[in-house]
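# Structure assessment
Here are the chains, one letter per residue:
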Amino acid sequence: MDSDLIAKRKALLAPSYRLFYDDPVHPVRGEGAYLFGADGKRYLDAYNNVVPAGHCHPRIVEAVARQTATLNTHTRYLHEGILDYAEALLATFPKPLGQVTFTCTGSEANDLAIRIARYVTGGTGIIVTENAYHGVTATVAEISPSLGPSMPLGPHVRTVPAPGVGVDFAAGVRAAIADLLRHGIKPALLVVDTIFSSDGVAADPPGFLAPAVAAMHEAGGLFLADEVQPGFGRTGAAMWGFMRHGVAPDLVSLGKPMGNGYPVAGLVARPEVIAEFGAKIRYFNTFGGNPVAMAAARATLAVIQDERLMENAAATGAYLAAGLAAHGRVRGAGLFIGLELPGAALAARVVNGMRRRCVLISASGPGNNVLKIRPPLVFGRTEADLLLAALQESLADG
Ligand code: PMP
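How each quantity is defined
In this numbering scheme, every chain counts its residues from 1 along its sequence in written order. Thresholds applied to this predicted model are a pLDDT of at least 70 for local features of residues and 80 or more for the giving and counting of side-chain atom pairs; totals over whole chains, interfaces and linings are not thresholded and use all residues. Hydrogens and water are ignored here; the side-chain numbers use all heavy atoms of the structure. Here an axis means a line fitted to C-alpha atoms, over the contact stretch when the element is a helix, while the angle between two N-to-C directions is reported on a 0 to 180 degree scale. Secondary structure is summarised from DSSP: a helix means a run of H or I of at least four residues, a strand means a run of E of at least two, and numbering begins at the N terminus for each. By definition in this entry, angles of less than 35 degrees are roughly parallel, angles greater than 145 are roughly antiparallel, angles of 65 to 115 are roughly perpendicular, and the rest are oblique. Helix crossings get a hand from a simple test, with the near helix turned counterclockwise from the far one by less than a right angle marking a left-handed crossing and a clockwise turn marking a right-handed one. Contacts are residue-level and defined by heavy atoms, with any inter-residue pair within 4.5 Å sufficient. Three categories are distinguished: nonpolar for Ala, Val, Leu, Ile, Met, Phe, Trp, Tyr, Cys and Pro, charged for Asp, Glu, Lys and Arg, and polar for the others, with Gly belonging to the last. Whenever a carboxyl oxygen of Asp or Glu lies within 4 Å of a side-chain nitrogen of Lys or Arg, that contact is scored as a salt bridge. For every residue, the accessible area (1.4 Å probe, protein chains only) is compared with the maximum for its type, and the residue is labelled buried under 20%, exposed over 50%, or partly exposed between those bounds. All domain edges in this entry derive from an automatic or database-based domain assignment. Buried area is understood as the total, over both parts, of accessible area removed when two parts are fitted together, assessed with a 1.4 Å probe. By convention in this text, a residue qualifies as near a molecule or strand provided that one of its non-hydrogen atoms is within 4 Å of it. Pairs of N or O atoms are called polar contacts if they sit within 3.5 Å, as long as, within protein, a hydrogen donor faces a hydrogen acceptor (for residues adjacent in sequence, only side-chain-to-side-chain pairs). Here the accessible surface of atoms and residues is derived via Shrake-Rupley with a 1.4 Å probe, and residues count as covered only by protein chains that are part of the display. Buried Ala, Val, Leu, Ile, Met, Phe, Trp, Tyr and Cys residues that are joined via side-chain atoms within 4.5 Å together make up what is termed a nonpolar core. For patches, a residue must show more than 30% relative accessible area and have no salt bridge; joins then use 9 Å for like charges and 5 Å for nonpolar side chains, namely Val, Leu, Ile, Met, Phe, Trp and Tyr. Should DSSP find at least two bridges between two strands, the strands are regarded as paired. Stacked, tilted and edge-to-face are the three classes assigned to paired rings of Phe, Tyr and Trp, where Trp is represented by its six-membered ring and a pair needs centres within 6.5 Å; plane angles under 30 degrees give stacked, over 60 edge-to-face, the rest tilted. Note on geometry: a ring has a charge over it if NZ (lysine) or CZ (arginine) is within 6 Å of the ring centre and within 35 degrees of the ring normal.

### Some details on the packing of helix α6 (residues 169–182) against helix α7 (residues 210–218)
At their nearest, the axes of α6 and α7 sit 7 Å apart, and the two run at 20° to each other. Classified by the interaxial angle, the pair formed by α6 and α7 is roughly parallel. In the packing of α6 onto α7, the handedness of the crossing is right-handed. On α7, the residues that touch Phe169, Ala170, Val173, Arg174 and Ile177 of α6 are Pro211, Ala212, Ala215 and Met216. Looking at the contact of α6 with α7 residue by residue, the classes come out as eight nonpolar, no polar and one charged.

Here's what the structure looks like:
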């Protein structure tokens, strides 16, 4: 019984855990864009960005199983797997981004980026958007205002309004830099989730990031593109969200979709930025970059490329966005879409109404009024039509 599981969770798990939906979902199996519930129902997964290749993709499952049965050690031994993957991964980046550190989570990648930025710049000031989320370590929780007022931001942190209608993003960053300097704090790092997912999704106009990054560079700080959400082709037009804006990050953090569910993440860097830091301070992450993680990541990237999932994200995303536009303002790119509704109460009703119709999405943004849709990249027109029908009915629930 699901009510027994809910009671047991309350008793056994830390109180920080949250469940999705008024009536939580209990999946027992996944395949492609679908989850199958303990209730015998089939759910359309339009929210899971951790499985770009779809749930339980056979080629990735096989690669993980084969490597698990062969060898799993760490990065202090020679192994081809980490080098094969690093080569394939770095080939998807513009040239200056030429070296990678592997971690287990996006939080660790962002945490490492902050350490590097402090070391390189000698500063501590960090600029993020007003409703940003960058992870769970002590350092990155302090730059994650979306965790709410009970999680204090560090005194060295400044927030800027997320891009949107009537917002000059670069002006916000320039003002934050000025405020840091006025308080005697040297700017170290501008951190941006390049699709602004927790801020309610923002992609347009392409290029709006460039003057903000230029301002940070002029102030002597670095720019970290957090690609944990938009990366690996989700935005359709490019492998990485920052490419949409024609900017050259110093550091790029990766995570979620990287291993199609296997915990693997990383930080890509310009070699000259990390040369001295790396020479002076060793980095050993026990599980990061292990042969099984690398097999998962290598197979995931191969599936994204061989099955042309980025192209599918562009095509299905455009089709879905066109259908959604009848119901409100649509934001986003590829298969990362936000649909703006008039208020949080309606958004919550729609999210739960769609869940009752077995279509899984969520809501985000500072006002919690933006429906957030980011399905596995194998999502096709059939799935888009199912989603649009469930949305129409849920909006009509009143
Ligand atoms: N950055 C962004 C933009 C994220 O959305 C998340 C996770 N939701 C993270 C970082 C942290 O990644 P992880 O949960 O793997 O630590």
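### Things to note about the pattern of salt bridges
Scanning all chains against the criterion turns up 15 salt bridges. In this structure, arginine 270 and glutamate 272 form a salt bridge, with 3.2 Å as the shortest nitrogen-oxygen distance. By relative accessible area, which is 19% here, arginine 270 ends up buried. For glutamate 272, a relative accessible area of 55% gives the class exposed. Measuring nitrogen to oxygen at the nearest pair gives 2.7 Å for the salt bridge that ties arginine 331 to glutamate 340. In this structure, a network of salt bridges that share partners links the residues Arg356, Arg357, Glu393 and Asp397.

### Comments concerning the domain arrangement of the protein chain
The domain architecture assigned to the protein chain consists of domain 1 (2–53 + 308–396) and domain 2 (58–306). Using only C-alpha atoms to locate each centre, domain 1 and domain 2 end up separated by 25 Å. If you look at the interface, domain 1 gives 29 residues, while domain 2 gives 30 residues. A combined buried area of about 2200 Å² lies between domain 1 and domain 2, and 59% of that area is made up of carbon and sulfur atoms. When the area that domain 1 buries against domain 2 is broken down by residue, the three leading residues are Asn49, Met310 and Phe336, summing to 27%.

### Let's talk about the environment of alanine 219
When you line up the elements, alanine 219 lands in the loop between α7 and β8 (222–226). For alanine 219, a relative accessible area of 26% gives the class partly exposed. Those residues in contact with alanine 219, other than ones at most four positions away along the chain, are Ile177 and Pro187.

### Digging into the site of the ligand
If you check the shell around the ligand, you find Thr105, Gly106, Ser107, Asn110, Tyr133, His134, Gly135, Asp193, Asp226, Val228, Gln229 and Lys256 and nothing else. Within the contact set of the ligand, an oxygen atom lies 2.9 Å away from a backbone nitrogen or oxygen of glycine 106. Lysine 256 places a side-chain nitrogen or oxygen 3.1 Å from a nitrogen atom of the ligand. In isolation the ligand has 390 Å² of accessible area, and contact with the protein removes 84% of it. Split by residue class, the shell around the ligand holds two nonpolar, seven polar and three charged.

### Overview of the nonpolar core
Judged by nonpolar contacts, the single largest core of 87 residues is most densely connected at Leu89, Phe232, Leu320 and Leu387. Per-domain counts for this core show at least three residues from each of domain 1 (2–53 + 308–396) and domain 2 (58–306). Among all residues touching leucine 89, those that are not within four sequence positions of it are Val100, Phe102, Phe232, Trp240, Leu254, Met258, Val268 and Leu301. If you look at the next biggest cluster of nonpolar residues, it comprises 23 residues, including Ile114, Leu224, Ala269 and Val273.

### Thoughts on a nonpolar patch on the surface
There is a patch of nonpolar side chains on the surface, built from Leu12, Leu13 and Tyr17 and spanning about 340 Å² of accessible area. On the secondary structure map, leucine 13 appears in the loop between α1 (2–12) and β1 (27–31). Given the relative accessible area of 36%, leucine 13 is considered partly exposed.

### What about the pairing of strand β10 (residues 265–269)?
Summarising burial for β10: five of the five residues are buried, a large majority. The alternating pattern of β10 places Ala265, Leu267 and Ala269 on one face and Gly266 and Val268 on the opposite face, and all of these are buried. Strand direction decides the pairing type here: strand β4 (residues 99–103) and β10, joined by five bridges, are antiparallel. Bridge pairing links threonine 103 to alanine 265 in β10. As paired elements, strand β9 (residues 251–254) and β10 share four bridges and run antiparallel to each other.

### Digging into the packing of aromatic side chains
The relative placement of two aromatic rings is captured by the distance of their centres and the angle of their planes. Applying the stated rule across the entire model yields 10 aromatic pairs. Ring geometry for phenylalanine 20 against tyrosine 21: centres 5.7 Å apart, planes inclined by 55°, an arrangement best described as tilted. Using a relative accessible area of 48% as the deciding quantity, one classes phenylalanine 20 as partly exposed. Assessed through its relative accessible area of 15%, tyrosine 21 is described here as buried. Taking NZ or CZ as reference, arginine 76 lies 4.6 Å from the ring centre of phenylalanine 284, over its face. One Lys or Arg, arginine 374, reaches over the ring of tyrosine 47 and ends 3.9 Å from the middle of that ring.

### Focus on the packing of helix α11 (residues 344–356) against helix α12 (residues 381–396)
At a closest axis distance of 9 Å, the pairing of α11 and α12 adopts a crossing angle of 125°. Compared by their axis directions, α11 and α12 come out oblique. The chirality of how α11 crosses α12 is right-handed. Touching Leu346, Val350, Gly353 and Met354 of α11 are Leu387, Ala390, Leu391, Ser394 and Leu395, all from α12.

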